[in-house]
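# Commentary on secondary and tertiary structure
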Amino acid sequence: MKIVILNGSARKGNTYACVKAFSEGAGVENEIDIIEADKVDVSPCKGCGACICTNGCVAKDDSNAVVDRIVAADMIVFASPIYWWGITGQLKTIIDKCYCRGTHLKNKKYGLILCAGSPTDDIEYELIKKQFDEMGRYLAWDMVFYKKYYANGKDEIANKPQIISELKALGSSLR
Ligand SMILES: Cc1cc2nc3c(=O)[nH]c(=O)nc-3n(C[C@H](O)[C@H](O)[C@H](O)COP(=O)(O)O)c2cc1C
């Protein structure tokens, strides 16, 4: 499979550690493309409608190049820290821009990785999962996995071998 991973974190912290472990496993049998949401130049969707959900974005930035990479994938992995009960603004900005090729994004597999500073029974994880459930239903996506991790310190997940092994194994189970 072609797997595109959208990393919503700007720092090399917990989400980065998850993405790294997952992609090391998944990269054995799959083609991996990692999009660092904070590093690309994607402006927020202005809802101008010029794309008519098919033709791409009129913005003169990385929007089309980034959305093309997502359209090309068989599977999309969304990885994000939780900021204020939601995903990060950088990741949401890219998701909003997917509107410009919405009709080309159907029937994909997807996975969700969330890291946050509250225990995993907090409502925030469920709120975000529901958002992705509905997005997935709208686009006929198939959720392959959903992982949530409680981590506060920047290197907390990198120092938890059990989580790193779990994510590597998850990645290598995919093909
Ligand atoms: C702006 C901001 C907002 C945050 N909001 C939440 C929140 O709503 N709930 C929560 O549990 N943690 C929140 N956190 C903590 C992060 O989710 C947590 O530290 C996470 O492990 C960071 O992931 P990263 O290392 O990949 O950046 C917030 C952190 C920041 C910087």
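What comes next concerns the included structure. Sequence order sets the numbering: in each chain, residues are counted from 1 along the sequence as written. Restriction of local features to residues with pLDDT of at least 70 applies here, the model being predicted, together with a cutoff of 80 or more for giving and counting side-chain atom pairs; totals for whole chains, interfaces and linings are based on all residues. Only hydrogens and water are removed before side-chain values are computed, so all heavy atoms of the structure are retained for them.

### A closer look at the overall build of the chain
We count a stretch as a helix when DSSP gives it H or I for four or more residues in a row; a strand needs E for two or more, and each element gets its number in order from the N terminus. On a plain count of helices and strands, the chain comes out with five helices and five strands. What you see in the chain, going N to C, is helices and strands ordered as β-α-β-α-β-α-β-α-β-α. C-alpha atoms define the radius of gyration in this analysis, and the globule rule sets the expected value at 2.2 Å times the number of residues to the power 0.38. In terms of overall dimensions, the chain is globule-like: its C-alpha atoms have a radius of gyration of 16 Å, near the 16 Å expected for 175 residues. Its C-alpha atoms give the chain principal-axis dimensions of about 45 × 35 × 30 Å. Between two residues, a contact is recorded if the distance between any of their heavy atoms is within 4.5 Å. The contacts of the chain with a sequence gap of at least 6 include a subset with a gap of at least 24, amounting to 78%. In the structure as shown, the chain presents an accessible area of about 8700 Å², 52% of it carried by carbon and sulfur atoms. Here the chain carries 23 positive and 22 negative side-chain charges, and the mean point of each set is 2 Å from the other. For the area figures, the Shrake-Rupley method with a 1.4 Å probe applies, and any residue is considered shielded solely by the protein chains shown. Only four residue types enter the tally: Lys and Arg on the positive side, Asp and Glu on the negative side; His and the chain ends are excluded. By convention, the point assigned to a charge is CZ for Arg, NZ for Lys, CD for Glu and CG for Asp.

### Quick word on the packing of aromatic side chains
Think of it this way: a Phe, Tyr or Trp ring, Trp meaning its six-membered ring, pairs with another when their centres are within 6.5 Å, and the plane angle makes it stacked under 30 degrees, edge-to-face over 60, tilted otherwise. Evaluated as defined, the whole model comprises six aromatic pairs. Where phenylalanine 78 meets tyrosine 110, the ring centres are 6.5 Å apart and the plane angle is 75°; that geometry is what we call edge-to-face. Of this pair, phenylalanine 78 sits in strand E3 (residues 75-81) while tyrosine 110 sits in strand E4 (residues 109-116), placing them 32 residues apart in sequence. Owing to a relative accessible area of 3%, phenylalanine 78 belongs among the buried residues under this scheme. Under the scheme applied here, a residue whose accessible area is under 20% of the maximum for its type counts as buried, over 50% as exposed, and between as partly exposed, the area being computed with a 1.4 Å probe on protein chains only. With relative accessibility at 2%, the residue tyrosine 110 sits in the buried group. Here the aromatic rings of tryptophan 84 and tryptophan 85 are separated by 6.2 Å at their centres, their planes lie at 45°, and the arrangement is tilted. By relative accessible area, which is 46% here, tryptophan 85 ends up partly exposed. Ring-pair connections join several aromatic residues into one group, and the members of that group are Phe78, Tyr110, Phe132 and Trp141.

### Observations regarding the site of the ligand
Throughout this document, a residue counts as near a molecule or strand when at least one of its heavy atoms sits within 4 Å of that molecule or strand. Taken together, 17 residues lie near the ligand, and Thr15, Ile82, Ser118, Glu124 and Ala151 sit nearest. We define a polar contact as two N or O atoms separated by no more than 3.5 Å, with the added condition that, inside protein, one atom must be a possible hydrogen donor and the other a possible acceptor, whereas residues neighbouring each other in sequence contribute only through side-chain atom pairs. Between the ligand and asparagine 14 there is a distance of 2.8 Å, counted from an oxygen atom to a backbone nitrogen or oxygen. Here glutamate 124 contributes a side-chain N or O atom positioned 2.7 Å from a nitrogen atom of the ligand. Taken together, the elements giving at least two residues each to the shell around the ligand come down to helix H1 (14-26) and E4.

Keep in mind these values describe shape, not function.
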